[in-house]
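Coordinate inspection notes
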Amino acid sequence: MQKAAKTLGAALLISLSSTTVSASSCGDISIADMNWSSASLMAHVDQFILTHGYGCDAELVPGDTMPTSTSMAEKGEPDIAPELWSNGVKEVLEKGVSEKRLRLAGIALSDGGEEGFWVPKYLVDQDPSLSTIDGIVKKAKQFKHPENSDLGAFYGCPAGWNCQITASNLFRAMDLENKGFELIDPGSGAGLSGSLAKAYERKEAWFGYYWAPTAILGKYEMVKVDFGSGIDKKEFTSCTSQADCESPTVTMYPPSAVHSVTTESFASQSPEAFEYIGKRAYTNADMNKLLAWMEDNQADGEIAMEHFMKNYPQIWQSWVSEPVAKKVKKALSSL
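Report follows, based on the coordinates.

The rules behind each value
- Residues numbered from 1 in each chain as written.
- Predicted model: local features only at pLDDT ≥ 70, side-chain atom pairs only at ≥ 80, totals over all residues.
- Heavy atoms only, no water.
- Helix = DSSP H or I, 4+ residues; strand = E, 2+ residues; numbered from the N terminus.
- Buried < 20%, exposed > 50% of the residue type's maximum accessible area, 1.4 Å probe, protein only.
- Contact = heavy atoms within 4.5 Å.
- Areas by Shrake-Rupley, 256 points an atom, 1.4 Å probe, with all protein chains shown as cover.
- Lys, Arg positive; Asp, Glu negative; His and termini not counted.
- Charge placed at Lys NZ, Arg CZ, Asp CG, Glu CD.
- Core = buried A, V, L, I, M, F, W, Y, C linked by side-chain atoms within 4.5 Å.
- Patch = residues over 30% accessible without salt bridge, like charges linked within 9 Å, V, L, I, M, F, W, Y side chains within 5 Å.
- Salt bridge = Lys/Arg side-chain N within 4 Å of Asp/Glu carboxyl O.
- Expected span 1.5 Å × (residues − 1).
- Phe/Tyr/Trp six-rings, centres within 6.5 Å; stacked < 30°, edge-to-face > 60°.
- Axes fitted to C-alpha atoms, helices over the stretch in contact; angles between N-to-C directions.
- Parallel < 35°, antiparallel > 145°, perpendicular 65-115°, else oblique.
- Left-handed = near helix turned anticlockwise from the far one by under 90°.
- Nonpolar A, V, L, I, M, F, W, Y, C, P; charged D, E, K, R; others polar.

Glancing now at the overall build of the protein. Within the protein one finds 16 helices and ten strands. Once the C-alpha set of the protein is aligned to its principal axes, its extents read approximately 105 × 40 × 30 Å. Across the 335 residues that make up the protein, the buried fraction comes to 47%. Long-range pairs, those at least 24 residues apart, make up 73% of the contacts in the protein between residues at least 6 apart in sequence. Carbon and sulfur atoms provide 50% of the accessible area of the protein, an area that totals close to 16900 Å². Charge centroids of the protein, computed over 30 positive and 43 negative side chains, lie 7 Å from each other.

Have a look at this one:
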């Protein structure tokens with residue numbers, strides 16, 4: 001009888017132990033691998049850390065902003081969207097959160113998406129006044145127009161892009177045309193980045209719209225121009241960002257919220273993994289460097305993940321506990 005009791009007790013202990021392991025197990029999860037570089041890098045980093053640090057069976061699935069957020073809210077899959085520019089899918093996310101289908105896990109980019117008018121840092125080093133719009137206006141002819149030496153050039157956002165509206169409205173708000181500038185349509189994203197790169201390599205003056213995180217701002221040190229206005233979110237939302245804005249006024253660009261979003265089922269079933277997603281965030285400065293490295297090395301998200309994990313341990317280790325970090329480092333050593 002005593003032997004049977006011991007056997008039963010041992011069996012119960014094993015059962016309880018098994019239940020505990022099962023309860024804390026992450027299980028099968030899917031992660032959206034979005035079709036732009038920073039999001040793909042994030043997805044591969046999350047897959048590696050969740051697989052080796054938290055015991056998840058993490059699968060990457062193709063994703064894009066609207067289809068992914070809608071699918072997560074309506075179908076509960078994929079489980080994780082590492083980088084969602086939430087302003088673009090605000091209604092879907094708000095509805096999903098209110099109906100307890102989605103959770104905003106944390107901020108993917110700690111600085112938010114960053115937009116502005118920029119000049120090369122070497123210009124500001126030579127003349128600090130060029131970090132302000134007033135200083136630039138006074139030196140308009142320094143920013144030579146490629147076809148008219150009497151005008152200064154401002155490189156706007158390519159036609160058809162949403163940022164063309166904001167850049168054009170701010171160009172009007174600052175009355176830059178009457179102050180010696182012409183708004184140049186670069187024709188494409190490649191045309192815009194090419195104009196900046198060409199000027200930078202020649203150490204020439206350049207003034208135009210750009211955004212972060214991007215590879216170009218990882219390669220070339222740029223300074224965001226201060227409009228002297230501060231940020232007026234109401235003005236930006238109601239007028240600056242609207243195509244029919246008749247009388248725009250000057251405002252700096254507000255940062256765009258960039259979230260990591262998960263399904264409610266993932267958050268509730270895998271609290272430790274969810275906590276990691278909430279802690280994991282990249283600065284624009286770090287992401288700019290990583291994107292520049294990806295471009296220079298023609299690296300996809302998987303290759304960039306290995307580069308990041310091996311060369312930026314001080315960043316990713318701050319997101320996880322020491323026991324998790326040890327597991328991840330062990331897995332890294334076999335890559």
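A few words now on the nonpolar core. Core analysis: the biggest nonpolar cluster contains 44 residues, and Val45, Ile49, Leu50, Phe308, Met309, Trp316 and Trp319 have the highest contact counts within it. Looking at this core, the element that brings in the most residues is helix α2 (residues 37-54), giving eight residues. Here Met309 is in contact with Val45, Phe48, Ile49, Trp316, Val328 and Leu332, once residues within four sequence places are set aside. Tyr155, Ala199, Val223 and Phe236 belong to the second largest nonpolar core, which has 43 residues in total.

With that settled, consider a negative patch on the surface. A cluster of acidic residues, Glu147, Asp175, Glu177 and Glu182, forms a negative patch at the surface. With respect to the helices and strands, Glu177 occurs in the loop between α7 (163-173) and β7 (181-184).

The subject of this paragraph is the pattern of salt bridges. Enumeration over the complete set of coordinates arrives at ten salt bridges. The salt bridge partner of Asp46 is Arg280, with a shortest N-O separation of 2.7 Å. Separated by 234 residues along the polypeptide, Asp46 in helix α2 and Arg280 in the loop between α12 (271-279) and α13 (284-296) bring together distant segments of the chain. Classification of Asp46 by relative accessible area gives buried; the value is 0%. As a salt-bridge pair, Glu264 and Arg103 come within 2.9 Å of each other at their nearest N and O atoms. With Glu264 in helix α11 (residues 264-269) and Arg103 in strand β4 (residues 102-107), this pair connects stretches of sequence that are 161 residues apart. Looking at Arg103, the relative accessible area reads 30%, which means it is partly exposed. Several salt bridges converge on common partners, so that one network encompasses Lys219, Glu295 and Asp296.

Right, let's get into the environment of Gly218. Inspection of the secondary structure assignment puts Gly218 in helix α9 (residues 215-219). Separated by 52 residues in the primary sequence, Gly218 and Ser270 place their C-alpha atoms 35 Å from one another. With sequence-adjacent residues up to four places away left out, Gly218 is seen in contact with Asn288, Lys289 and Ala292.

Glancing now at α2. Helix length check: α2 (18 residues) gives 25 Å between terminal C-alpha atoms against 26 Å at 1.5 Å per residue, within 8%. Burial of α2 is extensive: 14 of the 18 residues sit out of reach of the surface. In the stretch just after α2, Gly55 is the one whose phi turns positive, near 75°.

Okay, the packing of aromatic side chains next. Enumeration over the complete set of coordinates arrives at 23 aromatic pairs. Note on Tyr155 and Trp206: the rings are 5.8 Å apart at their centroids and 10° apart in plane angle, and the pair reads as stacked. With a gap of 51 residues between them, Tyr155 in strand β6 (residues 152-155) and Trp206 in the loop between α8 (189-201) and β8 (208-212) connect regions that are remote in the sequence. When its relative accessible area of 2% is taken as the criterion, Trp206 is described as buried.

This part is about helix α3 (residues 65-75). For an α-helix, the turn length of 3.6 residues means that residues three or four places apart are oriented alike. Looking at α3, one finds that the buried residues are Thr68, Ser69, Ser71, Met72 and Ala73. Buried residues along α3 sit against β1 (27-34), β2 (56-63), β3 (80-85), α4 (90-98), β4 and β10 (258-263). Positive backbone phi, approximately 75°, marks Gly76, located one or two places after α3.

So, about the packing of α13 against helix α14 (residues 301-311). Running from amino to carboxyl end, α13 crosses α14 at an angle of 125°, the nearest separation of the two axes being 10 Å. Viewed along their axes, α13 and α14 adopt a mutual orientation that is oblique. The crossing of α13 and α14 is right-handed. Across the interface between the two elements, Leu290, Trp293 and Met294 of α13 pack against Gly301, Ile303, Ala304, His307 and Phe308 of α14. The residue inventory of the contact of α13 with α14, partitioned by class, reads six nonpolar, two polar and no charged.

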